[in-house]
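# Observations on chain architecture
Given next are the chains, with one letter for each unit.
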Amino acid sequence: MAEQVEPAVLIVGAGPSGLVLALHLRLNNVPVRIIDKQPEFSIGSRATLIQPRTLEQFSLLGITREEIFESGVVAHQMRIYAPPAGTTAVKTFNFQEPLESRPSVPFTQPVTMSQDIFESILRSKLEALGTKVELGVELKSILNIGDEPPVAELHHIKENRTEMLKVPYLVGADGAKGVCRQLFSIPFLGETREADKMKIADVETDGITNEFWHMWGSFATAALDFFIFPSSIDLKHVSSVGLKPLGHGNKFQYQLVGPKVNHEALQTAEDLQNEFWEISGRKDITFKNVTWITTWRGNMRLAQSLQSGRRFLIGDAGHCHSPAGGQGMNTSILDAINLSWKLALVHNHHASPSLLDSYESERLPVIAEMLDLTTALHEKVWENKNGIDSKPPPLEATKEDSTDPMYRPKHFSQIGVNYRGSPIVFDERVSSSQESEGEGSGTSFYHSSTTLQAGDRAPDAELTFTPEIPSLKGPQTLFSFFTPHSHTILIFPGTSSLKSEKFVDFFSAIPWAIAQALVVLPKESEEEIPIISGCQFGKDVAGSAYADYGVGSGAWEHTAVVVRPDGIPGGFAKSVGGLKTYFEKLLGVDGYRMLMSL
Ligand SMILES: Cc1cc2nc3c(=O)[nH]c(=O)nc-3n(C[C@H](O)[C@H](O)[C@H](O)COP(=O)(O)OP(=O)(O)OC[C@H]3O[C@@H](n4cnc5c(N)ncnc54)[C@H](O)[C@@H]3O)c2cc1C
């Protein structure tokens, strides 16, 4: 029997946020327990859109591109059909603006994948590391409060048994309806919009291809329909129905919205089919197998805090919002990754527990902005419910239509999500008298300007490794070098000598127990590669690393960029002192000194 190791973290809830946290912590060698009160794993598509920022984090979780596309597909265009027959396409467009294709961005569009499939991939990765989700185990209460290690009361439902578990850290990943928030006494601020409902189901369908996200009806597109077919619209009955492909086969997410939809009356597969025929006019499309039906109700809320001593909230337990924009699960995953590596450093006594405070200070502003974005999009989509716009929308079929209520600009990819102004990032290039962009008013934590700053997302780049690293097969990228368990220090020597004192100095400030180093050589470099233990060398073949990291010329000949385990360049240093300052901010002066003495 495997040896039982005391968990350092109890994760309550095995949805996407709990699973990602568990996996990331296990990749950091932190022992965890992950429980879920349900007797079986959930079925149902729910979140279907995985955004580019999330997709690129998958390599850190050990999920390959092949695994993503085995079950997922690049998000389809949306196609809207004209009533009453529902066969003529009046508009086909990208509902989310794609990112520009370049070496720094490995994924330009979201991928559609059913949430239950995604969760099963995460569970299999977790099981490969020896950790299984404990089903049928419910958190009932937490006995103590304050800064003491929490004592959790767990109910094993099948055996009707109570277990008391004392654990250093407890993370509530128990969703919007979970108990953790209440047990931590954290208010959930916001509103419930009872009138805003959506019927959702998973259906296998005959009679339509999976090339588009198909939409019929006159709710989200009331204005469009009205101006083309004024006589066909009965504004008292505006509603719309969509079929969104869920991967490669004939399975779709059925989405029904509209103020006159009687959700209580729609309970069976037959009800959904009839309503679909009524709105779409497409009697040739039939549902074969309806595996899951639910009703979403408008609930837009944000927890006042994400931490209470040694207890944390991640995912929907801390924020819930409209599914419009496909941000919820993606935000939840970034929560989990932001918290995980910090918990690992503290658990291993490399950093002071105060590092954990930066989870809330980094994530809350991002989440608040996401909530505003999704609520605004939700209102745009829902605003036609009591009538129509006065202005006719463009009618021509188009690839980009930013006027469509369903359209999402490129920042929905989350590629610009940043932690500028975080207390643990440091940029030696910005003098103390200059205010970093992240600290001013009107700052966006969803958009970042073109100049890379500490706290932004690390850009990817194509590299050739010298000498070749056997473990990095296939096209070699900067991202393939990053790991979930260490900082990566990118040293850009520019055109100056690898023998220069300034270059060699950097290595004296690296805490090797928690960091690895990569020297990024300019593409034209012909310097002889020195042997430096723990350090790799890569050549910037396309020149994009130097350009995208904004380094390597003039005063910036020598720059070290410290990329955190969550893919954020937390520090820009132009001197060995700058590198030390970054790590002292992160680990505390004593923590850094201790690591350097190892
Ligand atoms: C219709 C719909 C469409 C959506 N589309 C998108 C999309 O396209 N993109 C996107 O990013 N997001 C989308 N979302 C949001 C996404 O589904 C959620 O953000 C995501 O599920 C949150 O994950 P989570 O792990 O935080 O919580 P959940 O998935 O809610 O998981 C919480 C888990 O905790 C368990 N639990 C609760 N209480 C306890 C307890 N006391 N003890 C033990 N276990 C407990 C529950 O059983 C559950 O398994 C959509 C949501 C809906 C409803």
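See the structure above.
Residues numbered from 1 in each chain as written. Predicted model: local features only at pLDDT ≥ 70, side-chain atom pairs only at ≥ 80, totals over all residues. Heavy atoms only, no water.

## Examining the side chain of Thr205
Positionally, Thr205 belongs in strand 13 (residues 188–206). Contact partners of Thr205, with chain neighbours within four places excluded, come to Leu243, Asn250, Phe252, Ile285, Thr286 and Phe287. (Helix = DSSP H or I, 4+ residues; strand = E, 2+ residues; numbered from the N terminus. Contact = heavy atoms within 4.5 Å.)

## Overview of the site of the ligand
What surrounds the ligand is a group of 32 residues, the closest being Asp36, Gln115, Ile200, Asp316 and Met329. A distance of 2.9 Å is found between an oxygen atom of the ligand and a side-chain nitrogen or oxygen belonging to Ser17. Within the contact set of the ligand, an oxygen atom lies 2.8 Å away from a side-chain nitrogen or oxygen of Asn330. Calculation on the ligand without its partners gives an accessible area of 1,000 Å², and the protein chains cover 90% of this total. Elements represented by at least two residues in the shell around the ligand include exactly helix 1 (16–27), strand 9 (137–142) and helix 8 (328–347). (Near = heavy atom within 4 Å. Polar contact = N/O pair within 3.5 Å; in protein donor to acceptor, adjacent residues only side chain to side chain. Areas by Shrake-Rupley, 256 points an atom, 1.4 Å probe, with all protein chains shown as cover.)

## Here's the deal with the packing of helix 13 (residues 576–587) against helix 14 (residues 589–596)
Where helix 13 meets helix 14, the closest approach of the two axes is 6 Å, and the angle between their N-to-C directions is 115°. The chirality of how helix 13 crosses helix 14 is right-handed. Across from Lys580, Phe583, Glu584 and Leu587 in helix 13, the residues of helix 14 making contact are Val589, Gly591, Tyr592 and Leu595. Grouping the constituent residues of the contact of helix 13 with helix 14 by class yields 5 nonpolar, 1 polar and 2 charged. (Axes fitted to C-alpha atoms, helices over the stretch in contact; angles between N-to-C directions. Left-handed = near helix turned anticlockwise from the far one by under 90°. Nonpolar A, V, L, I, M, F, W, Y, C, P; charged D, E, K, R; others polar.)

## Here's the deal with the environment of His349
With respect to the element layout, His349 can be found in the loop between helix 8 and helix 9 (357–382). His349 sits 238 residues away from Leu587 along the chain, and the two C-alpha atoms are 9.5 Å apart.

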